[in-house]
Amino acid sequence: MTIKVSLICPVYKVIDYLPDLMTSLLVGVNSEQVEVIFVDDCCPEHSITVCEQFVEEHAPLINFHYKIIKQSINQGQAAARNVALKSAEGEYIGFIDSDDAISSYYWETLSRYVSTSEYDIIEFDFKEFTGTLPEENKASVEQLPSSKLNPFHYGFFVWTRLYKKSMLEGLQFPEGVIFEDIFYNIHAFSKARKTLRLSSCLVFYRKREGSTTSNRTSTYSNLLLNLINSSMKTINSFEDKGEVINQVARYSLLVSLKGFKIKERADRRLFFKQCKSINLSFIPLLNQFSESLLTKCKFKLSQFICLIGTFS
């Protein structure tokens, strides 16, 4: 049977959370039309063993295809996703983090849209949790307004979307930086011709201490770096270029303000210095595609905050 969806899951230091994920996969994507690709990113506490044992113990019940790819050295989440992309056989590509879980209705909800091959990107909602997985209530599926600008409005998470593989044309995650989802999504949406957004909550996001998004350090400037770099490379693919510029200016301001949450003074100053430099690269694009006074004010304020921050 044809594989319609390849679900990519990097595995690294999540041994306590994998049972929730594996159980949710068994219920939520247990179809011969789905493959799950686990990538062991050379985890020191052998989290991948939990995946292997679960698959072995539940083999008679498992209908989805699965692969386990083992990296020889730890290379990070972006590299793990990239190696899985090379071997993915599905018509659509999806992602899930190994400390999260999927809804029992994941495949049931998405299969009808995947089967038509009509959409380049299919989006859905998520819910945060900290301890016990939320209770599920099956609700009717509503199709919501969608556009190529959706990442700016609903977040840059790759695990709330399915992407048609043929559309991606070799698109990979940038390695060596964090917040790589931003780069990937802006490029993917710039290529998309038809997108769909669904009201359904199909992913449960575990919010925990120590995660990339819970700690503020100077590396937070990577968010702005990926945002501006990807926007500069894709701007001509967007019909409403002014709105893209407006959104980048808005994020620049928000990211700059959050820099004050960095506790260590030297690291905080480094963050603002990096953001100031990144913002400078955005000025030509701002001048070329935006005539909005409000947009320019947002960006000027962001620059001023970075200047003040370097002395904070």
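Q: Lay out the overall build of the protein in plain terms, naming residues and giving numbers.
A: Each helix and strand in the protein was counted, giving 12 helices and 9 strands. Once the C-alpha set of the protein is aligned to its principal axes, its extents read approximately 60 × 40 × 35 Å. Across the 312 residues that make up the protein, the buried fraction comes to 52%. Accessible surface, the protein: about 14400 Å² in total, of which carbon and sulfur atoms supply 52%.

Q: Hey, could you go over the state of the cysteines for me, with residue numbers and the actual values?
A: Counting across every chain of the model gives 0 disulfides. Its sulfur unpaired, cysteine 51 is 6.3 Å from the next cysteine sulfur, which belongs to cysteine 9. For cysteine 51, a relative accessible area of 0% translates into the label buried. Sulfur of cysteine 297: no disulfide; nearest cysteine sulfur belongs to cysteine 306 and is 16 Å away.

Q: Hey, could you go over the packing of helix 8 (residues 221-234) against helix 9 (residues 241-258) for me, with residue numbers and the actual values?
A: Close contact between helix 8 and helix 9 brings their axes to 10 Å; oriented N to C, the two are set at 170°. Judged on the interaxial angle alone, helix 9 and helix 8 are roughly antiparallel. Crossing handedness for the pair helix 8 and helix 9: left-handed. Every residue of helix 9 that contacts helix 8 at Leu223, Leu224, Leu227, Ile228 and Ser231 is listed here: Val244, Val248, Tyr251, Ser252 and Val255. A breakdown of the residues in the contact of helix 8 with helix 9 according to their chemical character gives 8 nonpolar, 2 polar and no charged.

Q: If you had to explain helix 9 to someone new, which residues and values would you point to?
A: Between its first and last C-alpha, helix 9 extends 26 Å over 18 residues, near the 26 Å set by a 1.5 Å rise per residue. Buried residues belonging to helix 9 abut helix 5 (150-154), helix 8, helix 10 (265-280), helix 11 (283-289) and helix 12 (293-309).

Q: Give a detailed account of the environment of arginine 208, specifying residues and quantitative values.
A: Assignment of secondary structure puts arginine 208 in the loop between strand 9 (195-206) and helix 8. The spacing of arginine 208 and isoleucine 68 is 140 residues in sequence and 26 Å in space, taken between C-alpha atoms.

Q: Let's hear about the packing of aromatic side chains: which residues, and what values?
A: The way to describe two aromatic rings as a pair is by their centre distance and the angle between their planes. Within this structure, the stated rule accounts for 19 aromatic pairs. Judged by centre distance (5.2 Å) and plane angle (90°), the rings of phenylalanine 126 and tryptophan 159 are edge-to-face. Here the residue phenylalanine 126 occupies a position in strand 6 (residues 121-129), and tryptophan 159 occupies one in the loop between helix 5 and strand 8 (161-164), the gap between them amounting to 33 residues. Pairing tyrosine 163 with tyrosine 184 gives two aromatic rings, centres 5.6 Å apart and planes at 90°, and the pair type is edge-to-face. Here the residue tyrosine 163 occupies a position in strand 8, and tyrosine 184 occupies one in helix 7 (residues 180-191), the gap between them amounting to 21 residues. With respect to burial, tyrosine 163 and tyrosine 184 carry one shared label: buried. Three or more aromatic residues joined by ring pairs make a cluster, and in this case those are Phe179, Tyr220, Phe260, Phe271 and Phe272. Positioned above the aromatic ring of phenylalanine 238, the side-chain terminus of lysine 148 is 5.7 Å from the ring centre. Over the aromatic face of tyrosine 220 sits the side chain of arginine 216, whose NZ or CZ is 4.1 Å from the ring centroid.

Q: For the pattern of salt bridges, give the residues involved together with the corresponding values.
A: This structure, assessed with the given rule, holds 15 salt bridges. Notably, a salt bridge pairs arginine 193 with aspartate 120, separated by 3.8 Å at the nearest N-O pair. With arginine 193 in the loop between helix 7 and strand 9 and aspartate 120 in the loop between helix 4 (106-114) and strand 6, this pair connects stretches of sequence that are 73 residues apart. Judged by relative accessible area, which is 77%, arginine 193 ranks as exposed. We classify aspartate 120 as buried; its relative accessible area is 3%.

Parameters and conventions
Residues numbered from 1 in each chain as written. Predicted model: local features only at pLDDT ≥ 70, side-chain atom pairs only at ≥ 80, totals over all residues. Heavy atoms only, no water. Helix = DSSP H or I, 4+ residues; strand = E, 2+ residues; numbered from the N terminus. Buried < 20%, exposed > 50% of the residue type's maximum accessible area, 1.4 Å probe, protein only. Areas by Shrake-Rupley, 256 points an atom, 1.4 Å probe, with all protein chains shown as cover. Disulfide = S-S within 2.5 Å. Axes fitted to C-alpha atoms, helices over the stretch in contact; angles between N-to-C directions. Parallel < 35°, antiparallel > 145°, perpendicular 65-115°, else oblique. Left-handed = near helix turned anticlockwise from the far one by under 90°. Contact = heavy atoms within 4.5 Å. Nonpolar A, V, L, I, M, F, W, Y, C, P; charged D, E, K, R; others polar. Expected span 1.5 Å × (residues − 1). Phe/Tyr/Trp six-rings, centres within 6.5 Å; stacked < 30°, edge-to-face > 60°. Lys NZ or Arg CZ within 6 Å of the ring centre and 35° of its normal. Salt bridge = Lys/Arg side-chain N within 4 Å of Asp/Glu carboxyl O.

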